[in-house]
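Survey of secondary and tertiary structure
Given next are the chains, with one letter for each unit.
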Amino acid sequence: MEPTRQANGAPPPAEPASELLPSGGAPAPTPRRRALTQRPLFWVALVALVALSGLAVPFFVGRGVRGHAAEAPAVRIPLPAFALTDQRGHRFGLEQLRGQVWIADFIFTTCPTVCPKLTQRMKEIEQQGRGLGDALHLVTFTVDPENDTPEVLAAYAASQKLPLERWTLLTGPLDQIESTILKGFKIAMGKEETSPGIFSIFHGERLVLVDQEGVIRGYYEANDEGIPAILRDAGALVKQR
């Protein structure tokens, strides 16, 4: 799960007066000088002056102007090896994905509600992530393998116009699917009887980012905030190789 951050709400402790003095015994800045350095225009003028003089801009100023490059996500959950069956009927698993950054989602083809939305979001990722080329792959796992055979997945891919050179759909025996999704990805899935003889399938709706070594690097909501975030982090993983 994504880590959460909590603040205790307590104010920071007051610093001792001695720690407010500059090192070396120099006098503390006057109130007028302190007020001057706290004005944004002061720093703008300083940057302009340094640039005109041909000197390098100090790091503490340049850092705020240039901003930070995207960093790889800190989450690291090793994904156990798996080998399932793709939409062509071929064996496909973690070994075939080695060396690529990939994004997984979890659906079933007869789902009338959330699954079409997940597929649409994955299509957005594919389109926006084309700049990463073959370094980024998409993988869709069915949570209803008893119905979603390779032939059914192939028909679904055709109906959705999925680019199968960069996108793989996976099925397999139910026990292997459950092991991969529940134990490997830590994503919920299952089937419950809502009335006699009628079953309802449920599953997690988050997208999962996996790195080149088969390590989960993050879980993301499939919404307007999650899509840019997963693309940013996928790009950072690709560039760090």
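Further up the page is the structure itself.
Overview of the structure. (Residues numbered from 1 in each chain as written. Predicted model: local features only at pLDDT ≥ 70, side-chain atom pairs only at ≥ 80, totals over all residues. Heavy atoms only, no water.)

**What to know about unusual backbone geometry**
Only a minority of non-glycine residues have a phi that is not negative, and only a minority of peptide bonds are not trans. The criterion, for reference: Secondary structure elements are defined from DSSP: runs of H or I of at least 4 residues count as helices, runs of E of at least 2 residues count as strands, and each element is numbered from the N terminus. For the exposure calls, accessible area comes from a 1.4 Å probe over protein chains only, and a residue counts as buried if that area is under 20% of its type's maximum, exposed if over 50%, partly exposed in between.
In this structure, K161 is a non-glycine residue whose phi angle is positive, near 55 degrees. Within the element layout of this structure, K161 appears in the loop between helix 6 (150–160) and strand 6 (167–171). For K161, a relative accessible area of 73% gives the class exposed. Unusually for a residue other than glycine, K186 sits at a positive phi of about 60 degrees. As for its placement among the helices and strands, K186 is situated in the loop between helix 7 (174–184) and strand 7 (189–195).

**Observations regarding the pattern of salt bridges**
Under the convention used in this document: The salt bridge criterion pairs a side-chain nitrogen of Lys or Arg with a carboxyl oxygen of Asp or Glu, the two atoms within 4 Å.
Taken as a whole, this structure holds 9 salt bridges when the rule is applied. Between R130 and E126 there is a salt bridge, and its shortest N-O distance comes to 3.1 Å. Judged by relative accessible area, R130 falls into the exposed class, the value being 51%. Of the residues examined, E126 reaches a relative accessible area of 4% and is grouped as buried. With a shortest N-O distance of 3.1 Å, R166 and E126 are connected by a salt bridge. Placement of the pair is R166 in the loop between helix 6 and strand 6 and E126 in helix 5 (residues 114–128), with a sequence separation of 40 residues. Both residues of the pair, R166 and E126, count as buried. Taken together, the salt bridges that share partners define one network made up of R121, E124 and D224.

**Considerations on the environment of K117**
Its location among the elements puts K117 in helix 5. With relative accessibility at 61%, the residue K117 sits in the exposed group. With 88 residues separating them in the primary sequence, K117 and E205 have C-alpha atoms 9.9 Å apart.

**Side note on the packing of helix 5 against helix 8 (residues 226–239)**
For clarity, the threshold we go by: A fitted line through C-alpha atoms serves as each axis, taken over the contacting stretch for helices, and the angle formed by two N-to-C directions is quoted from 0 to 180°. Should an angle lie under 35 degrees it is considered roughly parallel, over 145 roughly antiparallel, and from 65 to 115 roughly perpendicular; all remaining angles are considered oblique. Less than a right angle of anticlockwise turn of the near helix away from the far helix marks a crossing as left-handed, whereas a clockwise turn marks it as right-handed. What makes two residues a contact is simply this: any of their non-hydrogen atoms within 4.5 Å.
Close contact between helix 5 and helix 8 brings their axes to 11 Å; oriented N to C, the two are set at 40 degrees. It follows from the interaxial angle that helix 5 and helix 8 lie oblique. Of the two possible hands of crossing, helix 5 and helix 8 adopt the one that is right-handed. Listed contacts from helix 8 to R121, I125 and Q128 of helix 5 are I227, I230 and L231.

Purely geometric stuff here, so don't read any function into it on its own.
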